[in-house]
Amino acid sequence: MAAAPAVEETAASPSPLARFGDGIPYADPAWYSGRPSPYYKPHHAAWRNKLRAFVDAEITPNVHEWDEQKKLPLELFRKMGAAGVLPGFVGEWPSGLVDASMDPPAWDGFNTLIAVDELSRCGSGGVVWGVIGGLGIGLPPVLRFGTEEMKRRVAQPVLRGEKVICLAITEPTGGSDVANLRTSAVKDEANGCFVLNGNKKWITNGVFADYFVVACRTGGKGMWGVSLLLVEKDMPGVTCKQMDCMGVWASGTTYIEFDDVKVPFANLIGPENGGFMCMMSNFNHERLGIVFQAIRFSRVCLEDAFKFAMKRKTFGKRLVDHQVIRHKLADMAREIEACQAHCEAMVYEMQALHDSGASMQEEMKIGGDTALLKVQSTRMFERCAREAAQIFGGASYVRGGQGERVERLYREVRALAIPGGSEEIMLELASGMAIKGMEKATSK
């Protein structure tokens, strides 16, 4: 799959782009205010403007209704496909699988960051996950490891918003321990299919998905016995039930049962018993996607709390005139900007690895740093949601009204801190990689 053609944009030093947005301090990344950045170019600004216009017109005004209904209208996917924004959430731009007129002049990891960031401005994890929670992690394995026939049959309608896809890995008995999953697929050579049995839980978009990328055991114990299968919802034996969760209501969190589902051999994604490595290739991108959301959701909390503190009066003066409130806002901004800087550095590094033709194994070497950034960003999000709620007081304890977005996001913190690898698993991964590096460094 070819990337969009690059655009020549060179300069002796970074040139600032035009100011954009409302100008509220720390409510947007620094480059929106016209400050110079080594990362962002005119094509990034144009993509951002396109996303901002679409989200403001088609998504943000409907967030409350969709969240309360606990579902998204499927027409939204078609609108996003027709507008040429839906393909922007799958990593590398899928040239050749979408109308060529939609191809951007250039594309890199910062375009993906911008897409997730601008969508997250709507202030609802449920809506964000409803739109991209399945697409962003379910379609990349098809694009990267699926056959050309599968890409045409599955990826094209998904990218047009006519179909929905999701990734089904987590099971009732375990989430982070992917290598020991239990859902099984036994080969039926006579009928040219795998017979799939098992259960999946907490599957984002599952209740309204047309396709499931399912991790299952096709071989022996451990990581080298896992494969990925493309399961279609209309296959007999597939049952979905929406789960009632603390937050991310509109995302369609689902419990799925597979009962003797016959999956054609042609629906195998990647090599048989090689599915674990296919999943691993996705993890850094998935975790960075959560980082993008955590940073923007934290900005939403800061922005709403700042606006409220400027007008709410207590003891004869504005909240913002109390030192303790000013320091809460400053601490939120401090953490947000630190995470933003680390995030942009990681996106740059991942793009550089991709551009250099680095192998999947080389890309996985930055897994420890990605894991640490995920922990840092979700803990920052938790703190920002809490501090914003404290500033709003009782207004943050009500669904609707001035504190609506803060109330909602406070409930959704755990949906970022646990999926994609819980904070504890991320710390264990990073420390384990660091110990191996230390042992290697000190053995010389």
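Calculation notes
- Residue numbers here run from 1 along each chain, matching the order of that chain's written sequence.
- For a predicted model such as this one, the threshold for reporting local features is a pLDDT of at least 70, and the threshold for listing and counting side-chain atom pairs is 80 or more; totals across whole chains, interfaces and linings nevertheless cover every residue.
- Side-chain metrics rest on all non-hydrogen atoms present in the structure, leaving aside hydrogens and water.
- Here a strand is any run of E in DSSP of at least two residues, a helix any run of H or I of at least four, and the numbering for each starts at the N terminus.
- Our radius of gyration is a C-alpha quantity, and the globule rule it is checked against amounts to 2.2 Å times the number of residues to the power 0.38.
- The buried label applies to any residue whose accessible area, calculated with a 1.4 Å probe on protein chains only, is under 20% of its type's maximum; exposed applies above 50%, and partly exposed to all values in between.
- The criterion used for residue contact is that any of the two residues' heavy atoms lie within 4.5 Å.
- Computed by Shrake-Rupley with a 1.4 Å probe, the accessible areas treat only the displayed protein chains as cover when residues are assessed.
- Here Asp and Glu are counted as negative and Lys and Arg as positive; His is not counted, and neither are the chain ends.
- Lysine's charge is taken at NZ, arginine's at CZ, aspartate's at CG and glutamate's at CD.
- Strands pair, by our definition, only if DSSP identifies at least two bridges between them.
- We define the nonpolar core as a collection of buried residues of types Ala, Val, Leu, Ile, Met, Phe, Trp, Tyr and Cys that are connected through side-chain atoms lying within 4.5 Å of one another.
- The pairing test for Phe, Tyr and Trp rings, Trp by its six-membered ring, is centres within 6.5 Å, and the orientation test on the planes gives stacked under 30 degrees, edge-to-face over 60, and tilted for anything in between.
- We count a charge as sitting over a ring when the NZ of a lysine or the CZ of an arginine lies within 6 Å of the ring centre and within 35 degrees of the ring normal.

1. Notes on the overall build of the protein
Working step 1: The helix and strand tally for the protein stands at 13 helices and 10 strands.
Working step 2: Its C-alpha radius of gyration of 22 Å places the protein within 12% of the 22 Å reference for a compact globule of 444 residues.
Working step 3: With the C-alpha coordinates of the protein rotated into their principal frame, the extents come out at 80 × 55 × 50 Å.
Working step 4: The 444 residues of the protein split such that 55% are buried.
Working step 5: Partitioning the intrachain contacts of the protein with sequence separation of at least 6 by distance along the chain shows that 75% fall at a separation of at least 24.
Working step 6: Total accessible area computed for the protein in this model is approximately 19,300 Å², and 54% of it derives from carbon and sulfur atoms.
Working step 7: Taking the 51 positively charged and 53 negatively charged side chains of the protein as two groups, their mean positions are separated by 5 Å.

2. Side note on the pairing of strand S3 (residues 193–203)
Working step 1: When strand S2 (residues 184–188) meets S3, the two strands line up antiparallel, connected through five bridges. Counted as the bridge partner of valine 186 is valine 195 from S3.
Working step 2: Counted between consecutive antiparallel strands, the loop separating S2 from S3 contains four residues, among which glycine 192 sits at a positive phi close to 65 degrees.
Working step 3: Across eight bridges, S3 lies against strand S7 (residues 254–264) in antiparallel orientation. Looking at the pairing, glycine 198 lines up with phenylalanine 258 of S7.

3. Quick notes on the nonpolar core
Working step 1: Core analysis: the largest hydrophobic core is formed by 131 residues, its most contacted members being Ile59, Leu139 and Val231.
Working step 2: For this core, the element with the highest residue contribution is helix H8 (residues 275–311), accounting for 18 residues.
Working step 3: Look past the residues within four positions of valine 231 in its chain and what remains in contact with it is Leu196, Asp210, Tyr211, Phe212, Val214, Val238, Phe258, Val261 and Val263.

4. Regarding the side chain of arginine 121
Working step 1: One can find arginine 121 in the loop between helix H4 (109–120) and helix H5 (125–132).
Working step 2: For arginine 121, a relative accessible area of 16% corresponds to the buried category.
Working step 3: Among all residues touching arginine 121, those that are not within four sequence positions of it are Asp28, Arg52, Asp56, Arg296, Val300 and Arg405.

5. Comments concerning the packing of aromatic side chains
Working step 1: Counted according to the given criterion, the structure contains 15 aromatic pairs.
Working step 2: Between tryptophan 47 and tryptophan 107 the ring centres are 5.1 Å apart and the planes differ by 75 degrees, which places this aromatic pair in the edge-to-face class. Of the two residues, tryptophan 47 is situated in helix H1 (residues 42–59) and tryptophan 107 in the loop between helix H3 (75–82) and H4; the sequence distance between them amounts to 60 residues. Each member of the pair, tryptophan 47 as well as tryptophan 107, carries the same accessibility label: buried.
Working step 3: Residues phenylalanine 194 and phenylalanine 265 carry aromatic rings whose centres are separated by 5.1 Å and whose planes lie at 75 degrees to one another, so their mutual orientation is edge-to-face. Note that phenylalanine 194 is positioned in strand S3 and phenylalanine 265 in the loop between S7 and strand S8 (268–269), a separation of 71 residues in sequence.
Working step 4: In this structure phenylalanine 194 comes out as buried when scored by relative accessible area, which is 1%.
Working step 5: Its relative accessible area of 27% is what places phenylalanine 265 among the partly exposed residues.
Working step 6: Through a chain of ring-to-ring contacts, the aromatic side chains of Phe20, Trp31, Tyr32, Tyr39, Tyr40, Phe110 and Tyr348 assemble into a single cluster.
Working step 7: A cation over a ring is seen here: arginine 411 above tryptophan 249, with NZ or CZ 4.1 Å from the ring centre.

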